[in-house]
Amino acid sequence: MTLSLPIDLEANRLLERSPLALLLGMVLDQQVPMEKAFSSPYVLAQRLGHEPDARELAGYAPEALVELFAQPPALHRFPKAMAARVQEVCRILVDRYDGDPARLWADVTDGRELLRRVTELPGFGKQKAQIFVALLGKRYGVTPQGWREAAGGYGDADAYRSVADVTDPESLRRVREFKQAAKAEAKSKAGKA
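Rules and cut-offs
- Residues numbered from 1 in each chain as written.
- Predicted model: local features only at pLDDT ≥ 70, side-chain atom pairs only at ≥ 80, totals over all residues.
- Heavy atoms only, no water.
- Core = buried A, V, L, I, M, F, W, Y, C linked by side-chain atoms within 4.5 Å.
- Buried < 20%, exposed > 50% of the residue type's maximum accessible area, 1.4 Å probe, protein only.
- Contact = heavy atoms within 4.5 Å.
- Axes fitted to C-alpha atoms, helices over the stretch in contact; angles between N-to-C directions.
- Helix = DSSP H or I, 4+ residues; strand = E, 2+ residues; numbered from the N terminus.
- Parallel < 35°, antiparallel > 145°, perpendicular 65-115°, else oblique.
- Left-handed = near helix turned anticlockwise from the far one by under 90°.
- Nonpolar A, V, L, I, M, F, W, Y, C, P; charged D, E, K, R; others polar.
- Salt bridge = Lys/Arg side-chain N within 4 Å of Asp/Glu carboxyl O.
- Phe/Tyr/Trp six-rings, centres within 6.5 Å; stacked < 30°, edge-to-face > 60°.

Looking at an unreviewed UniProt entry, one finds the protein chain named Fe-S cluster assembly protein HesB, with Micromonospora sicca as its source organism.

If you look at the biggest cluster of nonpolar residues, it comprises 62 residues, and the most contacted ones within it are F38, L57, F69, F132 and V163. The contacts of F38, once residues within four sequence positions are left out, are L3, L5, I7, L15, L22, G25, M26, D29, L135 and V163.

For the pair helix 8 (residues 111-119) and helix 9 (residues 126-140), the least separation of the axes is 9 Å and the interaxial angle reads 125°. Judged by the angle between their axes, helix 8 and helix 9 are oblique. The handedness of the crossing between helix 8 and helix 9 comes out as right-handed. When helix 8 is examined against helix 9, the residues L114, L115, V118 and T119 are found in contact with a partner set consisting of K126, A129, Q130, F132, V133 and L136. A class-by-class count of the residues in the contact of helix 8 with helix 9 yields seven nonpolar, two polar and one charged.

So, about the pattern of salt bridges. Within this structure, the stated rule accounts for 14 salt bridges. Among the ionic pairs, R117 bridges to D107, the shortest N-O distance being 2.8 Å. Of this pair, R117 sits in helix 8 while D107 sits in the loop between helix 7 (103-106) and helix 8, placing them 10 residues apart in sequence. Look at D107 and you get partly exposed, because its relative accessible area is 48%.

Another aspect to go through is the environment of P122. Mapped onto the elements, P122 comes out in the loop between helix 8 and helix 9. Sequence separation between P122 and I92 is 30 residues; the distance between their C-alpha atoms is 8.8 Å. Those residues in contact with P122, other than ones at most four positions away along the chain, are R85, E88, V89 and I92.

Let us look at the packing of aromatic side chains. A full pass over the atoms with the stated rule returns two aromatic pairs. On the numbers, 5.9 Å between centres and 65° between planes, the contact of W105 with F132 is edge-to-face. With a gap of 27 residues between them, W105 in helix 7 and F132 in helix 9 connect regions that are remote in the sequence. Each member of the pair, W105 as well as F132, is classed as buried. Ring centres of F124 and F132 lie 6.2 Å apart, and the angle between their planes is 65°; on these two criteria the pair is classed as edge-to-face. Each member of the pair, F124 together with F132, is buried.

At the junction of P72 and P73, the peptide bond is cis and its omega measures out at -10° in the coordinates. On the secondary structure map, P73 appears in the loop between helix 5 (62-70) and helix 6 (79-97). In this structure, Q31 is a non-glycine residue whose phi angle is positive, near 60°. Positionally, Q31 belongs in the loop between helix 2 (19-28) and helix 3 (34-48). Despite not being glycine, D98 shows a phi value in the positive range, around 55°. Along the chain, D98 falls in the loop between helix 6 and helix 7.

Given below as structure tokens:
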């Protein structure tokens, strides 16, 4: 089973076939709706006129990449910062994984190693890395031993906590409800502090 977001069909297909698009969607998945984050790799490919690879993005002129991100509609609400983040991630892919994003997870020995590798990427704190580990395991068949434990609560089979759990409109609704409840709880705790 793969990710199924309410976005352009071709954007979903790109996420299915391109490990780079999937990773970039996760990079962009902050402070924007998940649909925006995960459809932006497709929009980027359209603007380039082809599906990019990590080497191309790593070597892209920074100002030109920012222009691609900022062109209306912007790929993210912070196009300059996120263009730089995408470029940083792609440079790591080139330096450590020969430009192949799938190598980030292809030869890991266990879930802890997968989580460590993902956490080493720019912009991936523990929670975001756990969500990506859950996404790889639940939707893309990347299931090294201990992946659910490494993903924390996001790895639970019956969870509706993140993009890793979206398969249809109903699951999307449940994920949104979970996120709203978590935000309300955090706000309540902050108010009591």
